[in-house]
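Given next are the chains, with one letter for each unit.
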Amino acid sequence: MGNEIKLFCIPYSGGSAEVYRKWSKSLSSDIQLFPVELPGHGKRIFEPLRDDIDTIVEDITATIASNVASNDDYAIFGHSLGSLLTFETYYKLIENGVHKPQHIFFSGRNAPQNKHNQTSIHRLPDEQFLHAVMSYGGSTHEIIKNPELLDLFLPILRADFKISETYCYQEKKDKIACDITIINGRNDRSAIIYDMSEWKYYAGGAATFHTVDGGHFFITENYEPVVDIIKQTLTISDKILETQG
């Protein structure tokens, strides 16, 4: 790849920016990793938690805008809730006059316009809520065994689930003006239930679909194939840009 590209990675419900740190060892040297921390999560744990999507999207948009110069190439990756946040952030960035990303990766989530099987897990009492969260897999089991961790993570998980479950989809006037890649886990129940090809609806350019081994948390349990897809995709898109230039 001729140019450096900044890769902004947005975490899933209850996740912090740290989930992406280990990717840096596997990424090409010309892909600069920018894990995005949400308010009240990880290193920003002492900031107030937000449970409305507009505030979070404003926050992510400000983070990306402040780290992207006018001539910088950048891409965005979001997993699960992070995919939804990435989708809305793209439109907020364009609205705010930031140039379009080179590529967007939507991982582990159905398309935003799909309103089927709406859940209200965030409203459940603690025990039922945790049981529902555990069904997604990941490290929730370890958290539940530790009362101090549980006290810390329960409000974070609840706030994040509320963002996802109370999301009010509104049709966008424009398609996404860059190529998009959709990645899902072979054993992720959401990929089995939903029609992931619905992401094509917002593709202004090419929409490429990949399935990797793993359940919902394939980006932590089996992240190497995901990193390979990112490297390959950004290399190809960079070559196209160079040709056009």
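Residues numbered from 1 in each chain as written. Predicted model: local features only at pLDDT ≥ 70, side-chain atom pairs only at ≥ 80, totals over all residues. Heavy atoms only, no water.

A. Geometry of helix 1 (residues 53-67). Here helix 1 contains 15 residues, and its C-alpha end-to-end distance of 21 Å stays within 8% of the 21 Å for a straight helix at 1.5 Å per residue. Every buried residue belonging to helix 1 is among I53, I56, V57, D59, I60, T61 and I64, and all of these are buried. Packed against the buried residues of helix 1 are strand 1 (5-10), strand 3 (73-79), helix 2 (81-95) and helix 5 (147-165). (Helix = DSSP H or I, 4+ residues; strand = E, 2+ residues; numbered from the N terminus. Expected span 1.5 Å × (residues − 1). Buried < 20%, exposed > 50% of the residue type's maximum accessible area, 1.4 Å probe, protein only. Contact = heavy atoms within 4.5 Å.)

B. Looking closely at the nonpolar core. Core analysis: the biggest nonpolar cluster contains 36 residues, and I60, I64, Y74, L85, F87, F106 and I176 have the highest contact counts within it. At the level of elements, strand 1, helix 1, strand 3, helix 2, strand 4 (103-107) and strand 5 (179-185) are the ones that each hand at least two residues to this core. Of the residues forming this core, the biggest block, seven residues, is contributed by helix 2. Leaving out residues up to four positions away in the same chain, I176 has contacts with F87, Y90, Y91, I104, F106, Y202, A203, G204 and G205. Listed in part, the 24 residues of the second largest apolar core include L27, F105, I219 and I229. (Core = buried A, V, L, I, M, F, W, Y, C linked by side-chain atoms within 4.5 Å.)

C. Quick look at the pattern of salt bridges. Under the definition given, this model contains 11 salt bridges. In this structure, the salt-bridge partner of D72 is K6, at a minimum N-O distance of 2.9 Å. With D72 in the loop between helix 1 and strand 3 and K6 in strand 1, this residue pair connects regions lying 66 residues apart in the sequence. A relative accessible area of 19% places D72 in the buried class. Of the residues examined, K6 reaches a relative accessible area of 16% and is grouped as buried. Across the pair R44 and D59 runs a salt bridge whose closest N-O atoms are separated by 2.7 Å. Note that R44 is positioned in the loop between strand 2 (31-35) and helix 1 and D59 in helix 1, a separation of 15 residues in sequence. Residues joined in a network through salt bridges with shared partners are E18, R21 and K43. (Salt bridge = Lys/Arg side-chain N within 4 Å of Asp/Glu carboxyl O.)

D. Up close: the environment of S13. Its location among the elements puts S13 in the loop between strand 1 and strand 2. C-alpha separation for the pair S13 and K162, spaced 149 residues apart in sequence, amounts to 9.6 Å. Leaving out residues up to four positions away in the same chain, S13 has contacts with L81, L157, D160 and F161.

E. Here's a closer look at helix 2. With 15 residues, helix 2 extends 21 Å between its outermost C-alpha atoms, agreeing within 8% with the 21 Å of an ideal straight helix rising 1.5 Å per residue. Counting buried positions along helix 2 yields 13 of 15 residues, so the element is predominantly enclosed. Trailing helix 2 by a residue or two, G97 shows a phi angle of about 85°, which is positive.

F. Spotlight on the environment of P155. Structurally, P155 can be placed in helix 5. In this structure, P155 is in contact with L49 and L150, ignoring residues within four places of it in sequence.

G. Structural context of the environment of E198. In this structure, E198 sits in the loop between helix 6 (189-193) and strand 6 (207-212). Setting aside residues up to four positions removed in sequence, E198 forms contacts with A111, Q113 and N114.

H. Highlighting the side chain of T61. Relative to the helices and strands, T61 resides in helix 1. When its relative accessible area of 2% is taken as the criterion, T61 is described as buried. When sequence neighbours within four positions are dropped, the list of residues in contact with T61 reads T89, K92, L93 and N96.

Interpretation note: all reported values are geometric properties and have no functional meaning in isolation.
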